[in-house]
Amino acid sequence: MRAFVSIDLDAISHNIAQIKGKTDAKILAVVKADAYGHGLIPISKCALESGVDWLGVALLEEALELRKAGISVPIIAWLTPPGEDFKEALISDIDLSVSSVLLFEEILEAARDLQAKPRLHFEIDTGMRRGGVLDEWDDFLDFAIKHKDEYELVGFWSHFARADEPDSNMNQKQREKFERMLNLLIENGLHPQIVHLSNSAATLTQPAAHHQMIRLGIAMYGLSPDVKTMAPASKYELKPAMTVRAQLHLVKSAHTGDAVGYGGTAILKRDTKLGVVVMGYSDGLPRATSNDVGVLHGEAKAPLVGRISMDQCVVDLGPDSLAQAGDYVTVMGGDGYSIDAWAAASGTINYEIVTRIASRVPRIYSR
Ligand SMILES: *Cc1c(COP(=O)(O)O)cnc(C)c1O
């Protein structure tokens, strides 16, 4: 196997246990985007075994995949554009999020045909200006009241824009708006069963935002929501679950002054041994990555040299390296360069690094 992602399921269980120690709320495990690149079904099963109560995904097809795998706990899909197959969603008992009258109408229409009662979560925009009801609120509330017998109001929720900046006063503003809207709903006779607002960052830093359920994403995978504005994952006693490893395709000696890779962007400053790693940007290593990271061979760090290619990249193993073609190196995670280091070296966040490891790289699970 030229490259693989190894996933430590014990780390996932450990992280869930850590979070359980910090809140009395129910836990919804966020498993969108193939469980942040860790694998939808194995992670969902592991999370459920570790005591989470709910699963949450962005897309309806992700929710349906969970049902096909025989998972029967409540599942929310929160990003369903108009025209989605809502009948299929209702038949499969998927909870849906509604954030507009248009969507609400479409879901109730599908429900009438099936004589089903959809389980809905009202999403409101408390400040992020992305998902959720905003200007349409009065019409939305009228519609919700008028049709109150046609659906089950399961959830009421919103999302923080800056929970990873615990000192931002926007967090409190969003919480206050959320509570005002919730009270308005209740005054109008609509009583959601489960109020949920917190992502990982809010779970770790804003107990006042936990309500009845938290939506746990990045922290479950053992990563910090933001290593700059918050602490690294280790401070929260979270363990990263993902390690990426790959083989050396070639090891070769090269000389001072040699230009390496497309564009010859790196000029060797010494005679050294180069390793060609069988992983490239099509596997999810960002092409923009600087040589602040690389791979770990045994105990030795080997920084990237030159540009990352589509299927491979070149590292500087050092003149005295005993590395041989076929050896495995650790590309990220474990004792090697961390996922956070790769994120910093390519101008992005750990979320993007893990979710973009390509599906052609097999996931191997261990306990
Ligand atoms: C992705 C997502 C989460 C999880 O966010 P983390 O920062 O990974 O914990 C929670 N809620 C919603 C609506 C999301 O889209």
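Calculation criteria
Residues numbered from 1 in each chain as written. Predicted model: local features only at pLDDT ≥ 70, side-chain atom pairs only at ≥ 80, totals over all residues. Heavy atoms only, no water. Helix = DSSP H or I, 4+ residues; strand = E, 2+ residues; numbered from the N terminus. Buried < 20%, exposed > 50% of the residue type's maximum accessible area, 1.4 Å probe, protein only. Contact = heavy atoms within 4.5 Å. Areas by Shrake-Rupley, 256 points an atom, 1.4 Å probe, with all protein chains shown as cover. Lys, Arg positive; Asp, Glu negative; His and termini not counted. Charge placed at Lys NZ, Arg CZ, Asp CG, Glu CD. Patch = residues over 30% accessible without salt bridge, like charges linked within 9 Å, V, L, I, M, F, W, Y side chains within 5 Å. Salt bridge = Lys/Arg side-chain N within 4 Å of Asp/Glu carboxyl O. Near = heavy atom within 4 Å. Polar contact = N/O pair within 3.5 Å; in protein donor to acceptor, adjacent residues only side chain to side chain. Nonpolar A, V, L, I, M, F, W, Y, C, P; charged D, E, K, R; others polar. Domains from an automatic or database assignment. Buried area = accessible area lost by both parts, 1.4 Å probe. Pairing = 2+ DSSP bridges. Axes fitted to C-alpha atoms, helices over the stretch in contact; angles between N-to-C directions.

Caption draft 1: Region of interest: the overall build of the protein chain. Looking only at helices and strands, the protein chain features 11 helices and 18 strands. By its C-alpha atoms, the protein chain is 75 × 40 × 40 Å across when sized along the principal axes. Across the 367 residues of the protein chain, 52% fall into the buried class. Taking contacts inside the protein chain between residues at least 6 apart in sequence as the whole, the part at least 24 apart equals 68%. As displayed, the protein chain has an accessible area near 16,100 Å², and 48% of this comes from carbon and sulfur atoms. Each charge class in the protein chain can be summarised by its mean position, and for the 37 positive and 48 negative side chains these summaries are 4 Å apart.

Caption draft 2: The arrangement of a negative patch on the surface in detail. A cluster of acidic residues, Asp135, Asp138, Asp139 and Asp142, forms a negative patch on the protein surface. Looking at the secondary structure, you find Asp135 in the loop between strand 6 (119-123) and helix 7 (137-146). Its relative accessible area of 75% is what places Asp135 among the exposed residues.

Caption draft 3: Quick peek at the site of the ligand. Close contacts around the ligand come from Val30, Lys32, Tyr36, Trp78, Trp157, His159, Asn199, Ser200, Arg215, Gly217, Ile218 and Tyr351, and that covers them all. Measuring from an oxygen atom of the ligand, one finds a side-chain N or O atom of Trp78 at 3.4 Å. Bound to the protein, the ligand loses 94% of the 390 Å² it would expose on its own. When grouped by side-chain class, the residues that make up the shell around the ligand number six nonpolar, four polar and two charged.

Caption draft 4: Molecular detail of the domain arrangement of the protein chain. Assigned domains within the protein chain: domain 1 (9-226) and domain 2 (242-366). Centre-to-centre, using C-alpha coordinates, domain 1 lies 37 Å away from domain 2. With 13 residues of domain 1 at the contact, the number on the domain 2 side is nine residues. The junction of domain 1 with domain 2 conceals about 1,000 Å² of combined surface from both sides, 61% of it contributed by carbon and sulfur atoms.

Caption draft 5: Region of interest: the pattern of salt bridges. Under the criterion given, the structure shown has 13 salt bridges. Put simply, Arg2 and Asp283 hold a salt bridge, and the shortest N to O gap is 2.8 Å. One end of the pair, Arg2, is in the segment before strand 1 (3-8); the other, Asp283, is in the loop between strand 13 (272-277) and strand 14 (294-297), with 281 residues separating them in the sequence. Look at Arg2 and you get partly exposed, because its relative accessible area is 22%. Among the ionic pairs, Arg119 bridges to Glu152, the shortest N-O distance being 3.7 Å. With Arg119 in strand 6 and Glu152 in strand 7 (residues 152-157), the pair connects residues that are 33 residues apart, well separated along the chain. Classification of Glu152 as partly exposed rests on a relative accessible area of 29%. One connected set of salt bridges, linked through shared partners, spans Arg2, Asp283, Asp311 and Arg360.

Caption draft 6: Molecular detail of the sheet that holds strand 5 (residues 95-98). Reading around the circumference, 2-3-4-5-6-7-8-9 is the order of the eight strands in this closed barrel, with parallel pairing throughout. Within the sheet, the average angular offset between the axes of one strand and its neighbour, ignoring direction, is 30 degrees. Where strand 3 (residues 54-57) and strand 4 (residues 75-77) come together, three bridges link them in parallel fashion. Of the residues in strand 4, the one forming a bridge with Leu55 is Ile75.

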